[in-house]
Amino acid sequence: MNKLKNNNRKLSKSKETLISGAEAVILSLLSEDVDLLYGYPGGAIMPVYDELFKYREKLNHILVRHEQGATHAAQGYARSSGRVGVVIATSGPGATNLVTGITDAQIDSTPLVCITGQVASHLLGSDAFQETDIIGISTPVTKWNYQITKASEIPSIIAKAFYIAKSGRPGPVLIDITKDAQFEKFKFSYKKCDGIRSYEPRPKVNDEIIKKASEIIDKAKKPLIVFGQGVILGKAEKEFKNFVEKSGIPAVWTILGLSALPTSHPLNLGMVGMHGNYAPNVLTNQCDVLLAIGMRFDDRVTGDLKTYAKQAKILHFEIDPSEINKNVKVDIGILGDCKESLSKLTSLINKKEYSKWIKEFKRLDNIEFDKVIKQDLNPTKKGLTMGETISNVNKYTKGDAIIVTDVGQHQMAACRYSQFIKSKSNITSGGLGTMGFALPAAIGAKMGAPKREVIAIIGDGGYQMTIQELGTIFQNKLPVKILVLNNDFLGMVRQWQQLFFNKRYAETEMVNPDFVTIARGYHIKANRVEERKDLDGAIKEMVLSKEPYFLEVCVEKEDNVFPMIPSGESVSNIRLE
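Since the structure is predicted, the reported quantities are computational estimates derived from the model, not experimental observations.

Draft legend 1. Region of the structure containing the overall build of the protein chain. Each helix and strand in the protein chain was counted, giving 24 helices and 20 strands. Relative to the globule expectation of 25 Å for 577 residues, the C-alpha radius of gyration of the protein chain, 24 Å, shows essentially globular dimensions. If one aligns the C-alpha atoms of the protein chain with their principal axes, the spans along those axes are about 70 × 60 × 45 Å. A buried classification covers 59% of the 577 residues belonging to the protein chain. If you take every contact in the protein chain between residues at least 6 apart in sequence, the share linking residues at least 24 apart comes to 77%. Total accessible area computed for the protein chain in this model is approximately 23800 Å², and 51% of it derives from carbon and sulfur atoms. With 75 positive and 65 negative side-chain charges, the protein chain shows a separation of 6 Å between the mean positions of the two kinds.

Here it is in structure tokens:
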């Protein structure tokens, strides 16, 4: 608190004198209570970095090894802390290297403010050195973007950027600042943004619609809740749990919704989607009322839209009006913040339980256990499995760790078998499916929740896309744990090649380096496990370590992740083998 008062005194002083646009950037960030940002310097953003040097005791800058790492780290920070992630980079390749992470943040509704330097305004459009139209490039993948050419615009645009990024359905914002605007001096003042004309981030909840929804729910015989990340983004975990427990309705999750409700909760009955659990997928097409809460009916969840939940009345709880009826035609669209709408709905519904309906889930769960889970967790084969590795991780984290995953087979195994007791514990790349996400995102997640254990579970392919961020971990002495599940393949693509392309493994087999030696080169403790007898001890050592730790577990090369819904098929056609 004292630190914040001192900041405010310094800001007040600044109003009396002319300051540069570069210093205004720093003071604006401090006014938004930013104390951490990720970035990489360069010529067009150098004036801001020069001012950052003066404020380094108030604003912690993390030097990543690649700008893509900055965006993913900021995503991890935002997802674990619930705050806005901040990124800074130079023009040209510095700016374009941010685009993958920005796109990932846009699809997964992660609040970021990205600030890029730009060539001087008189050089715009001249193909100057490291000039790129980052506004044009980023327009389709940002919630909002803006190019600043006058220093006087900086405070109001940054205030607007933070408001847009974190309000309503969150998302990434990009501000591009020309170099002359960074040098130009002006009289600085800052006012936080609390509203923008014609932008309504939180639609008002309609009480009549809530009443209609309650009537449909009370008449349901076989209702089903599918919940997504909107519950977490809306900070509605408590309201959601209250609703689930009073309604008695079984609840299943998308991968981004995972951890909004503890995995051990008796009404938490598994994952939907392409590699989700058997029962939730099959019974989606048997329920009579489907409540979609904070999810957007992604194609990986719905499969063939022509057959998806056609028998059910669908109630869609959503803060973004554009998502209502976008993919799935719904009976009632319940616009608004789900924290508010769920609270109102809970007060209206009758307390019920659906024991007969839930028994059907248990019956199908037993089928999945016998066909898939038993072999994943207690394999009879010689080689190690991803499932048993993650089960060992649970043994030592007791569901209290943040698990950060990349994209692929390891991601699906981690989502299926990780146990969570707290919200904001599952951080993964959902909609974009970005390989290389996990390692830098784990850096941000640890800085956003420094008291929590953070474990990055990564495949050998995705790991090598951002492996250089080991340098960021080493330089900042971050006790991030890295678990690479190595099958010497791009595993998910190989699985598809096996099942649908007659085992033509075109360019999916990996010839990997010595990962342990690389980690040790960054002064990170490292170990490798090839045999089952060594697995438990190695995972225990990794989890209990107070320092960064790298563990490579060599798993079966040609194991597949089941269940699986073939692309474009009905959720009812989920395969167990």
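Draft legend 2. Structural view of helix α3 (residues 46-54). Listing the buried residues of α3 in full gives P47, V48, Y49, E51 and L52. Residues of α3 that are buried sit in contact with β1 (18-20), α2 (21-31), β2 (36-40), β3 (60-63), β4 (85-89) and α9 (179-183).

Draft legend 3. Inspection of the nonpolar core at higher detail. In this structure, I225, F227, F240, L290, L291, I293 and L315 are the most contacted members of the largest nonpolar core, which totals 98 residues. Ranked by the residues each element gives to this core, the list is headed by helix α16 (residues 355-377), at six residues. When residues of this core are sorted by domain, at least three fall in each of domain 2 (207-360) and domain 3 (382-555). When residues no more than four places from it in sequence are discounted, the contact partners of L291 are I217, L224, I225, V226, F243, I249, L315 and F317.

Draft legend 4. Up close: the sheet that holds strand β7 (residues 172-178). A sheet is described by the order of its strands in space; here six strands give the open sequence β3-β2-β4-β5-β7-β6, paired in parallel fashion. Each edge of the open sheet is held by one strand with a lone partner, namely β3 and β6 (144-148). Adjacent strand axes in the sheet meet at a mean angle of 20° when their direction is disregarded. Bridge count for β2 against β4 is three bridges, and the pairing is parallel.

About the cut-offs
- Along each chain, residue indices are assigned from 1 in the same order as the chain's sequence is written.
- Local features in a predicted model are, by the rule used here, given only for residues with pLDDT of at least 70; side-chain atom pairs are given and counted only at 80 or more, and totals for whole chains, interfaces and linings are based on all residues.
- Side-chain descriptors were evaluated using all non-hydrogen atoms of the structure, hydrogens and water having been removed beforehand.
- Counting from the N terminus, the helices are the DSSP runs of H or I reaching at least four residues and the strands are the DSSP runs of E reaching at least two.
- A radius of gyration in this sense is built from C-alpha atoms; the matching globule rule multiplies 2.2 Å by the number of residues raised to 0.38.
- We call a residue buried when its accessible area falls under 20% of the maximum for its residue type, exposed when it is over 50%, and partly exposed in between, using a 1.4 Å probe and counting protein chains only.
- Any pair of residues with heavy atoms lying within 4.5 Å of one another is described as a contacting pair.
- The Shrake-Rupley method, run with a 1.4 Å probe sphere, supplies the accessible areas, and residue values consider only the shown protein chains as cover.
- Charged-residue counts in this description rest on Lys and Arg as positive and Asp and Glu as negative, His and the chain ends being excluded.
- To locate a charge, take atom NZ for lysine, CZ for arginine, CG for aspartate or CD for glutamate.
- In these notes, a set of buried Ala, Val, Leu, Ile, Met, Phe, Trp, Tyr and Cys residues joined through side-chain atoms within 4.5 Å is what counts as a nonpolar core.
- Note: domain ranges come from an automatic or database domain assignment.
- When DSSP finds two or more bridges between a pair of strands, those strands are recorded as paired.
- Axis lines are fitted through C-alpha atoms, for helices just across the contact stretch, and the angle between N-to-C directions can take any value from 0 to 180 degrees.

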